[in-house]
Amino acid sequence: MTVDPKIIVALDFPGADAALHLAKLLDPAQCRVKVGKELFTRAGPVVVEQLQQLGFDVFLDLKYHDIPNTTAQACRAAAELGVWMVNVHALGGRRMMEAAREAIDKATHRPLLIAVTILTSLDAGELHEVGLSGSPEDNVLRLACLAESAGLDGVVCSPQEVVALRETVDDGFRLVTPGVRPAGVVVGDQKRITTPEDAIRFGSNYLVVGRPVTQAENPLAALTDINVAIDIKQVR
Ligand code: C5P
């Protein structure tokens, strides 16, 4: 029986000290952590190793998007770093995603490989401007199917997309959802939000939560409250 925490706490901090300070207030049995572009660019692989030494699974959120060989080598480096999850842009195409998957399949430690479909910051007008016709949802569904057929393990998606995606992709295909706000918590700059319990009910597998935990007076209590709300029996 292994613990499979559903919450991924986004460590959106400008440096290792702040990220590690916050991580030490949390409990690896209750969450994973996400290292994104800012923290990684400032603190590098060392902070990933330090978080792993504290017992946390790390989602390395660097959204690789490059030619197949370069993306595959980056994914291989992430696998060698021992991360739990890594991601690429589905718009890099089938061959890029397949090369990334083949690279991590060869690794001793295989991370979950997740695709970003359409950035939720893009509206229909901006999509058309870069030559993508159809609605954002059409594009998300098409790219999620492409990622699934390229052998990826899941996609990052907004809570609004979870229901349609769950009807489209296999049950085992992971849906990773940011834009989650517990009831009564400050919404901030997030627009299309869902409560943690609704995101899980709609079919999300993992919830990315940043400020509701990192900016809380008591981060561990805030995290525990979310876990109680989603009421997951944490058994893999
Ligand atoms: O603080 P908050 O809970 O809004 O943080 C959410 C995290 O998820 C941030 O790291 C943000 O970059 C990320 N994210 C998001 N919306 C997306 C994709 C990623 O908020 N569509």
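Each remark here, short or long, concerns the structure printed above.
Treat the numbers as computed from the prediction; the structure is a model and nothing was measured. (Residues numbered from 1 in each chain as written. Predicted model: local features only at pLDDT ≥ 70, side-chain atom pairs only at ≥ 80, totals over all residues. Heavy atoms only, no water.)

*Asks:* Would you mind showing me how to read the packing of helix α3 (residues 68-81) against helix α4 (residues 94-105) here?
*Replies:* To describe two helices that pack against each other, one gives the angle between their axes and the distance between the axes. The geometry of α3 relative to α4 is characterised by a closest axis approach of 8 Å and an angle of 30° between their N-to-C directions. Relative to α4, the element α3 is oriented roughly parallel. Pair α3 / α4 crosses with right-handed handedness. Each of P68, T71, A72, C75, R76 and A79 in α3 lies in contact with α4, whose residues at this interface are R95, M96, A99, A100, A103 and I104. (Axes fitted to C-alpha atoms, helices over the stretch in contact; angles between N-to-C directions. Helix = DSSP H or I, 4+ residues; strand = E, 2+ residues; numbered from the N terminus. Parallel < 35°, antiparallel > 145°, perpendicular 65-115°, else oblique. Left-handed = near helix turned anticlockwise from the far one by under 90°. Contact = heavy atoms within 4.5 Å.)

*Asks:* When you look at the pairing of strand β7 (residues 174-177) in this model, what are you seeing that I'm missing?
*Replies:* For strand β6 (residues 154-156) and β7, the ladder comprises three bridges, and the chain directions are parallel. Each residue of the ladder has a partner; that of V156, found in β7, is V176. As a crossover connection, the stretch from β6 through helix α7 (residues 162-168) into β7 is right-handed. In this structure, β7 lies alongside strand β8 (residues 206-209), joined through two bridges in parallel fashion. Each bridged residue has a counterpart across the sheet, and for T177 the counterpart in β8 is L207. Between the parallel elements β7 and β8, the chain passes through helix α8 (residues 196-202) in a crossover that is right-handed. (Pairing = 2+ DSSP bridges. Right-handed = clockwise from strand over helix to strand, strands pointing away.)

*Asks:* Can you help me understand the side chain of R32 in this one?
*Replies:* Mapping R32 onto the fold places it in strand β2 (residues 32-35). Polar contacts involving the side chain of R32 include one to the side chain of D4, which spans 2.5 Å. (Polar contact = N/O pair within 3.5 Å; in protein donor to acceptor, adjacent residues only side chain to side chain.)

*Asks:* Any chance you could explain the sheet that holds strand β5 (residues 112-116) here in plain terms?
*Replies:* Each strand in a sheet pairs with another by means of backbone hydrogen bonds, the pair being arranged parallel or else antiparallel. If you walk around this closed barrel you meet the eight strands as β1-β2-β3-β4-β5-β6-β7-β8, and the pairing is parallel. Each strand axis lies, on average, 25° off the axis of its neighbour in the sheet, ignoring direction. Examined bridge by bridge, strand β3 (residues 58-64) and strand β4 (residues 85-89) share three bridges and lie parallel to one another. The residue bridging F59 from the neighbouring strand is M85, located in β4.

*Asks:* Is there a simple way to explain the nonpolar core in this structure?
*Replies:* Side chains that are nonpolar tend, in soluble globular proteins, to be buried together. Core analysis: the biggest nonpolar cluster contains 61 residues, and I7, V9, L11, L51, V88 and M97 have the highest contact counts within it. When sequence neighbours within four positions are dropped, the list of residues in contact with L51 reads L11, L20, A23, V33, V35, F56 and V58. Ranked by size, the runner-up nonpolar core spans 12 residues in total, among them W84, I114, V116 and Y206. (Core = buried A, V, L, I, M, F, W, Y, C linked by side-chain atoms within 4.5 Å. Buried < 20%, exposed > 50% of the residue type's maximum accessible area, 1.4 Å probe, protein only.)

*Asks:* Help me understand the environment of G188 in this model?
*Replies:* If you trace the backbone, G188 turns up in the loop between β7 and α8. Relative accessible area serves as the criterion here: at 52%, G188 is assigned to the exposed category. In the structure, G188 is positioned 24 residues away from P212 in sequence and 9.6 Å away in space, judged by C-alpha atoms.

*Asks:* Honestly, the packing of helix α1 (residues 16-25) against helix α2 (residues 37-53) in this entry has me stumped. Any pointers?
*Replies:* One way to put it is that α1 packs onto α2 with a least axis distance of 9 Å and a crossing angle of 40°. Crossing angle aside, the handedness with which α1 passes α2 is right-handed. Here A16, A19, L20 and A23 of α1 lie close against α2, whose contacting residues are L39, A43, V47, Q50 and L51.

*Asks:* What's the story with the environment of A18 in this structure? I'm lost.
*Replies:* Relative to the helices and strands, A18 is located in helix α1. It is 27 Å that separates the C-alpha atoms of A18 and L113, two residues lying 95 residues apart in sequence.

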